[in-house]
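Residue-level listing of the chains:
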Amino acid sequence: MKKSTKLSIVAAIAAMVAAPLVPAAASAAPSPTGLAHGVGAHHGVGHGKQPHAAPTKAGPTSIAYVEVNNDQLSNVGRYTLANGANAFDVAIIFAANINWDGSKAVLYNNENVQRTLDDAATQIRPLQAKGIKVSLSILGNHQGAGIANFPTQAAAADFAAQVSATVAKYGLDGVDLDDEYSDYGTNGTPQPNQQSIGWLISALRADMPGKLISFYDIGPASDALSSSSPAIGSQLDYAWNPYYGTYSAPSIPGLTKAQLSAAAVDIQNTPQLTAVSLAERTKADGYGVFMTYNLPDGDVSPYVSSFTQVLYGQAATYH
């Protein structure tokens, strides 16, 4: 698609090199409801003062996708819990695209994604200074190229190199893989195959040791991963349910409950009571991730507090 905004159809990867973000140490096709995607210390030490630890929380790792066509990524860092810990642990720039140049898949940033990357000093670094990880989401662009139809391992490695170069250039913490809007077969492109997503994940992990790789569990890539070797899935850090307002954990060999979000919350469209219920189920079932999408500009702390109170026993404040 020409813009990264997900259509409102109402509306993570060899042994893991980077351990998943530990929650306790931290400061979409249409769904049944019609909703789909469409930390550390940073305190300086004053003269004569001793360093002190940053605030922490115990509970699931919280994810915040931001539609940068509409909203500011930096807003993720404005939410803190009562003890000062971050309300969100991972911020995801939504989204870069996979374009087709006539012979191969190429990474493309629309003007809003590129502006966010170029404005790293105000949009990305402040989050990282707080201990919030920043990833870049990538998905199809209606041109036939996607993460599920690389015809060869070399083709997947080529695209992985483009992604890892972007992650390095802009000082990002990882990448999020999303198998939507590719329109496989368009422009004479190949249909999905079982090996493509595994090739890509393995290449990304080799290129980006220590970086996050997450997976939005949808599309042909999801089908391939569900029956793949645990050696592939274990290279991912996280995966989550793509259908907003619903509760269903991904089934990817090699991933544990600590790395999965069964809950999927669209902050601007999922009813608050549903978000609370999904948080309650997440906590009760012991899932280690809680995924949210569509964090808007401005103060929605009452909504955010509704699930942080359940997940962490603390309300969220907007600064």
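All of these numbers come straight from a predicted model, not from anything done at the bench.

Conventions adopted
- Residues numbered from 1 in each chain as written.
- Predicted model: local features only at pLDDT ≥ 70, side-chain atom pairs only at ≥ 80, totals over all residues.
- Heavy atoms only, no water.
- Buried < 20%, exposed > 50% of the residue type's maximum accessible area, 1.4 Å probe, protein only.
- Helix = DSSP H or I, 4+ residues; strand = E, 2+ residues; numbered from the N terminus.
- Pairing = 2+ DSSP bridges.
- Salt bridge = Lys/Arg side-chain N within 4 Å of Asp/Glu carboxyl O.
- Axes fitted to C-alpha atoms, helices over the stretch in contact; angles between N-to-C directions.
- Parallel < 35°, antiparallel > 145°, perpendicular 65-115°, else oblique.
- Left-handed = near helix turned anticlockwise from the far one by under 90°.
- Contact = heavy atoms within 4.5 Å.
- Nonpolar A, V, L, I, M, F, W, Y, C, P; charged D, E, K, R; others polar.
- pLDDT = per-residue confidence, 0-100.
- Polar contact = N/O pair within 3.5 Å; in protein donor to acceptor, adjacent residues only side chain to side chain.

Peer 1: What should I look at first to understand the pairing of strand 4 (residues 105–108) in this one?
Peer 2: The side chains of a regular strand alternate between the sheet's two faces. Burial along strand 4 is one-sided: the face carrying Ala105 and Leu107 is buried and the face carrying Val106 and Tyr108 is not. Both strand 3 (residues 90–100) and strand 4 contribute to a ladder of four bridges, which runs antiparallel. Looking at strand 4, one finds that Asn99 is bridged to Val106. With antiparallel pairing between neighbouring strands as the criterion, strand 3 and strand 4 make up a hairpin whose turn holds four residues, including Gly102 at a positive phi of roughly 105°.

Peer 1: I would appreciate a short explanation of the side chain of Asn97 in the present structure.
Peer 2: Assignment of secondary structure puts Asn97 in strand 3. The buried category is assigned to Asn97, whose relative accessible area is 0%.

Peer 1: Quick question: what am I supposed to make of the pattern of salt bridges here?
Peer 2: Should the charged atoms of two oppositely charged side chains come close, the side chains can pair. Using the criterion set out here, one finds three salt bridges in the structure. Salt-bridge contacts for Asp158 lead to Lys104; the nearest nitrogen and oxygen are separated by 3.3 Å. A residue pair is termed long-range when its members are at least 10 positions apart, and Asp158 in helix 4 (residues 153–169) and Lys104 in the loop between strand 3 and strand 4 qualify at 54 residues. With a relative accessible area of 34%, Lys104 lands in the partly exposed category. When the shortest N-O distance is used, the salt bridge between Arg205 and Asp237 registers 2.9 Å. Residue Arg205 is located in helix 5 (residues 196–207), and its partner Asp237 is located in the loop between helix 7 (230–233) and strand 8 (238–240); the two are separated by 32 residues in the primary sequence. Given a relative accessible area of 0%, Asp237 falls into the buried group.

Peer 1: Explain the packing of helix 4 against helix 5 to me, please; I cannot follow it from the model alone.
Peer 2: Pairs of packed helices are described in terms of their axes, by the angle between the two and the distance that separates them. Packing of helix 4 against helix 5 brings their axes to within 8 Å, and their N-to-C directions diverge by 45°. In terms of orientation, helix 4 lies oblique with respect to helix 5. Once helix 4 is placed against helix 5, the crossing between them reads as right-handed. In this structure, helix 4 uses Gln153, Ala156, Ala157, Phe159, Ala160, Ala161, Val163 and Ser164 to contact helix 5, whose residues at the interface are Ser196, Trp199, Leu200, Ala203, Leu204 and Asp207. Of the residues assigned to the contact of helix 4 with helix 5, the class counts are ten nonpolar, three polar and one charged.

Peer 1: Help me out: how do you make sense of the confidence of the model for the chain in this one?
Peer 2: A low pLDDT means the predicted coordinates there should not be read in detail. On average, residues of the chain carry a pLDDT of 88, and 83% of them reach 70 or more. Confidence drops under a pLDDT of 50 for residues 1–35, and excluding neighbours within four residues, the segment shows 135 contacts in the predicted structure. Considering only residues more than four positions removed or in separate chains, one finds that residues 39–51, a stretch of pLDDT under 50, has 19 contacts.

Peer 1: Would you mind going over the side chain of Asn294 with me for this structure?
Peer 2: Along the chain, the position of Asn294 falls in the loop between strand 11 (289–293) and helix 9 (301–312). A polar atom in the side chain of Asn294 sits 3.1 Å from the side chain of Asp266. Beyond its immediate stretch of four places on either side in the chain, Asn294 contacts Tyr65, Glu67, Asp266, Ile267, Gln268 and Asn269.

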